[in-house]
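Chain residues, written in single-letter form:
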Amino acid sequence: MNNPTKTVLITGCSSGYGLETARHFLAQGWNVVATMRTPREDVLPASERLRVLALDVTEPASITQALDVAGPIDVLVNNAGIGLFGAFEATPMPTVREVFETNTFAVMAMCQAIIPRFRARRAGTIVNVTSSATLAAFALVAAYTASKTAIEGFTASLQHELRAFEVRVKLIEPGYGPSTRFTSNGQQRMQGLIPEAYAPFAHSVFAGLADNSAVTRESDVAEAVWRAANDASDRLHFPAGADAVALALALADQRRLA
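Remember, it's a predicted structure, so these values are computed and weren't measured experimentally.

Caption draft 1: The overall build of the chain, seen in detail. A tally of helices and strands in the chain yields eight helices and seven strands. Taken over the C-alpha trace, the chain has a radius of gyration of 18 Å; the compact-globule value for 258 residues is 18 Å, and the two agree within 12%. Reported as C-alpha extents along the three principal axes, the dimensions of the chain are approximately 55 × 45 × 30 Å. Partitioning the contacts of the chain with sequence separation of at least 6, the portion at a separation of at least 24 is 70%. Element-wise, carbon and sulfur atoms account for 55% of the exposed surface of the chain, whose accessible area totals about 12500 Å².

Pasting the structure below:
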């Protein structure tokens, strides 16, 4: 049900899933606080219900300032993240730490900052965006998968902690989104991560991705976030995109047969 008095704060809104999610909530009549490392108001439709704020999710001071300026919010969407393709053998540990800093520790920091506010009001929803890589193993994304899988376990545990305070916690698991800037945004950190020995294997992996007709669109993720934000049940997992939904169903079947 639409409620124009509700406010959502979304991280990573400069492109991709975050940008489309901000557009979707605006279209549904919500107040939207769209945060970006470098704010750009021109990527979103002009609206009196929109605020664009600077937020670097890896900086504690930036988190505190953004939440203070935003004021009371009803839903926090932790969407900001970075991608990484490459052979783990060739991935420098500083790069692994960089991925965890944004995809894992920053999400935890955002949650830790908002929980006291939600707990005091005995209301609020946290939506953490992970990946379908947590539903099935994929090659050449070992470090990335680890960073997202950590948030899956973290969020499941957090759900138990916060239920007594009427604070809801949800997971969005997007599939492969070729129309996003997931790969292009990470080009610099991915340089040299496919050594010659891995080249034939990597070529087959990329060819398989190119032939995949079941993919995830930005709108799939935005709609999944919308459903999660308005879901009053204890449902935790919301796969987003045709490929992610198929993986989630296959995983459920495996667990049923185990």
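That shown, we press on.
Caption draft 2: Geometry of the packing of helix α3 (residues 93-121) against helix α4 (residues 142-163). Across the interface, α3 lies against α4 with an axial gap of 8 Å and an inter-helix angle of 15°. The angle between the axes of α3 and α4 places the two elements in the roughly parallel class. Viewed along their axes, α3 and α4 form a crossing whose handedness is right-handed. Between α3 and α4, the contacting residues are Val 96, Val 99, Phe 100, Asn 103, Thr 104, Val 107, Met 108, Cys 111 and Ile 115 on the first element and Ala 143, Tyr 144, Ala 146, Ser 147, Lys 148, Ala 150, Ile 151, Phe 154, Leu 158 and Leu 162 on the second. Residues that form the contact of α3 with α4 fall into these classes: 15 nonpolar, three polar and one charged.

Caption draft 3: Geometry of helix α1 (residues 16-27). For α1, spanning 12 residues, the distance from its first C-alpha to its last is 17 Å, which sits close to the expected 16 Å at 1.5 Å a residue. With respect to burial, α1 is a largely interior element, nine of its 12 residues being buried. Every buried residue of α1 is listed here: Gly 16, Tyr 17, Gly 18, Leu 19, Thr 21, Ala 22, His 24, Phe 25 and Leu 26. On its buried face, α1 sits against β1 (7-10), β2 (31-36), β3 (50-54), β6 (168-174) and α7 (218-229).

Caption draft 4: The arrangement of the environment of Ile 151 in detail. Take Ile 151: it is sitting in helix α4. Of the residues examined, Ile 151 reaches a relative accessible area of 1% and is grouped as buried. C-alpha of Ile 151 to C-alpha of Cys 13: the two residues are 138 residues apart in sequence and 20 Å apart in space. Non-local contacts of Ile 151, meaning those with residues more than four positions away in its chain, are made with Asn 103, Thr 104, Val 107, Met 108, Asn 128, Thr 130 and Leu 171.

Caption draft 5: Highlighting the nonpolar core. Val 8, Phe 25, Val 32, Leu 44, Val 77 and Ile 172 are the most contacted members of the largest nonpolar core, which has 29 residues in total. Contributing elements (two or more residues each) for this core: β1, α1, β2, β3, β4 (75-78), β5 (125-129), α7 and β7 (237-240). In terms of residue count, α7 provides more of this core than any other element does, six residues in total. Those residues in contact with Val 77 that sit more than four places away from it in its chain are Val 8, Leu 9, Ile 10, Thr 11, Val 127, Val 129 and Val 225. Counting residues in each nonpolar core, the second largest holds 27 residues, with Leu 9, Met 110, Phe 118 and Ile 151 among its members.

Caption draft 6: Looking closely at the side chain of Thr 104. As for its placement among the helices and strands, Thr 104 is situated in helix α3. Not counting chain neighbours up to four residues away, the residues in contact with Thr 104 comprise Val 99, Ser 147, Ala 150 and Ile 151.

Caption draft 7: Structural context of the packing of aromatic side chains. Following the criterion strictly, the structure yields five aromatic pairs and no others. Relative to Trp 226, the ring of Phe 25 lies with its centre 5.1 Å away and its plane at 70°, an arrangement referred to as edge-to-face. Note that Phe 25 is positioned in helix α1 and Trp 226 in helix α7, a separation of 201 residues in sequence. On the basis of relative accessibility, which here comes to 0%, the residue Phe 25 falls in the buried class. Ring geometry for Phe 85 and Phe 206: centres 6.1 Å apart, planes at 85°, overall edge-to-face. Taken as a pair, Phe 85 in the loop between β4 and α3 and Phe 206 in helix α6 (residues 199-210) lie far apart in primary sequence, 121 residues in all. A relative accessible area of 14% means that Phe 85 is categorised as buried. By relative accessible area, which is 37% here, Phe 206 ends up partly exposed. Of the aromatic side chains, those joined through ring pairs into one cluster are Phe 25, Trp 30 and Trp 226. For the cation-ring pair, Arg 235 lies above Phe 238, with the distance from its terminal atom to the ring centre recorded as 3.9 Å.

What counts as what
Residues numbered from 1 in each chain as written. Predicted model: local features only at pLDDT ≥ 70, side-chain atom pairs only at ≥ 80, totals over all residues. Heavy atoms only, no water. Helix = DSSP H or I, 4+ residues; strand = E, 2+ residues; numbered from the N terminus. Rg over C-alpha atoms; globule rule 2.2 N^0.38 Å. Contact = heavy atoms within 4.5 Å. Areas by Shrake-Rupley, 256 points an atom, 1.4 Å probe, with all protein chains shown as cover. Axes fitted to C-alpha atoms, helices over the stretch in contact; angles between N-to-C directions. Parallel < 35°, antiparallel > 145°, perpendicular 65-115°, else oblique. Left-handed = near helix turned anticlockwise from the far one by under 90°. Nonpolar A, V, L, I, M, F, W, Y, C, P; charged D, E, K, R; others polar. Expected span 1.5 Å × (residues − 1). Buried < 20%, exposed > 50% of the residue type's maximum accessible area, 1.4 Å probe, protein only. Core = buried A, V, L, I, M, F, W, Y, C linked by side-chain atoms within 4.5 Å. Phe/Tyr/Trp six-rings, centres within 6.5 Å; stacked < 30°, edge-to-face > 60°. Lys NZ or Arg CZ within 6 Å of the ring centre and 35° of its normal.

None of the figures reported here should be taken as evidence of function without further support.
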